[in-house]
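Working through the structure, step by step
The chain contents come next:
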Amino acid sequence: MVSCAETSLSLSIKEYKGKFTPAATHDEPEPAACAYTYEEWKVEIFKLYPGSESRDRYTQNDLKKLIADFLSKGTPSQASFSQYHCEFQKIVKWLVDNGKMEWSLEKE
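As for helix α4 (residues 60–72)
Taking 1.5 Å of rise per residue, the 13 residues of α4 would be expected to cover 18 Å, and the 18 Å separating its terminal C-alpha atoms lies within 8% of that figure. Buried residues of α4: Leu63, Leu66 and Phe70, and no others. Projected down its long axis, α4 shows its buried positions confined to an angular sector of 60 degrees, all on one face. Of the residues in α4, the exposed ones pointing more than 90 degrees away from the buried face are Asn61, Lys64, Lys65, Leu71 and Ser72. In this fold, the buried residues of α4 make contact with α5 (78–97).

Thoughts on the pattern of salt bridges
Here the structure, examined in full by the defined rule, presents five salt bridges. Between Lys47 and Glu44 there is a salt bridge, and its shortest N-O distance comes to 3.2 Å. Here Lys47 and its partner Glu44 are both found in helix α3 (residues 38–48), three residues apart, which amounts to about one turn of the helix. When its relative accessible area of 55% is taken as the criterion, Lys47 is described as exposed.

Remarks on the confidence of the model for the protein chain
Per-residue confidence for the protein chain averages 74 on the pLDDT scale, and 60% of its residues sit at or above 70. Highest mean pLDDT in the protein chain belongs to α4 (94); lowest belongs to helix α2 (residues 22–25) (53). Low pLDDT, under 50, characterises residues 1–9; the stretch is placed with 20 contacts to residues that sit more than four places away or in other chains.

A few points about a nonpolar patch on the surface
A surface patch of nonpolar side chains, amounting to about 350 Å² of accessible area, comprises Val96, Trp103 and Leu105. Within the fold, Trp103 resides in the segment after α5.

A few points about the nonpolar core
Among the nonpolar cores identified, the biggest contains eleven residues, and these are Tyr58, Leu63, Leu66, Phe70, Tyr84, Phe88, Ile91, Val92, Trp94, Leu95 and Met101. Of all the secondary structure elements, the ones that give two or more residues to this core are α4 and α5. Considering every element that reaches this core, the biggest residue donor is α5, with six residues.

A short note on the packing of aromatic side chains
Scanning the entire structure with this criterion turns up six aromatic pairs. Here Phe70 and Phe81 contribute two aromatic rings whose centre-to-centre distance is 5.9 Å and whose plane-to-plane angle is 55 degrees, an arrangement assigned as tilted. Placement of Phe70 in helix α4 and of Phe81 in helix α5 is noted, with a sequence separation of eleven residues between them. Judged by its relative accessible area of 15%, Phe70 falls in the buried class. Ring geometry for Phe81 and Tyr84: centres 6.1 Å apart, planes at 45 degrees, overall tilted. With a gap of three residues between them, Phe81 and Tyr84 both fall in helix α5, about one helical turn apart. Exposure remark for Phe81: the relative accessible area of 39% places this residue in the partly exposed category.

The rules behind these values
Residues numbered from 1 in each chain as written. Predicted model: local features only at pLDDT ≥ 70, side-chain atom pairs only at ≥ 80, totals over all residues. Heavy atoms only, no water. Helix = DSSP H or I, 4+ residues; strand = E, 2+ residues; numbered from the N terminus. Expected span 1.5 Å × (residues − 1). Buried < 20%, exposed > 50% of the residue type's maximum accessible area, 1.4 Å probe, protein only. Arc of directions from axis to C-beta. Contact = heavy atoms within 4.5 Å. Salt bridge = Lys/Arg side-chain N within 4 Å of Asp/Glu carboxyl O. pLDDT = per-residue confidence, 0-100. Patch = residues over 30% accessible without salt bridge, like charges linked within 9 Å, V, L, I, M, F, W, Y side chains within 5 Å. Areas by Shrake-Rupley, 256 points an atom, 1.4 Å probe, with all protein chains shown as cover. Core = buried A, V, L, I, M, F, W, Y, C linked by side-chain atoms within 4.5 Å. Phe/Tyr/Trp six-rings, centres within 6.5 Å; stacked < 30°, edge-to-face > 60°.

This is the structure we're talking about:
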């Protein structure tokens, strides 16, 4: 069993899979005993999956696709409209909050 202190931040994907599976981690020490912080660990994990950074979560094309998919289904049920509305709001909020889109209720 590999202890947290022996774990390098630059492990390969195969090494991560072998050491951090649920079966392998149940006897591991608590995170406070680790030589690195959660944020450092998270950065290393994101490096393994390029494009997974939170700043690239949604694009305007995601919003356009959501709208097109919804409109192509015809008359919606209340449940499908509610689901669409929640997804629409989530994407728009993220795009506006991250400067990817401007939102105004004023007519031009």
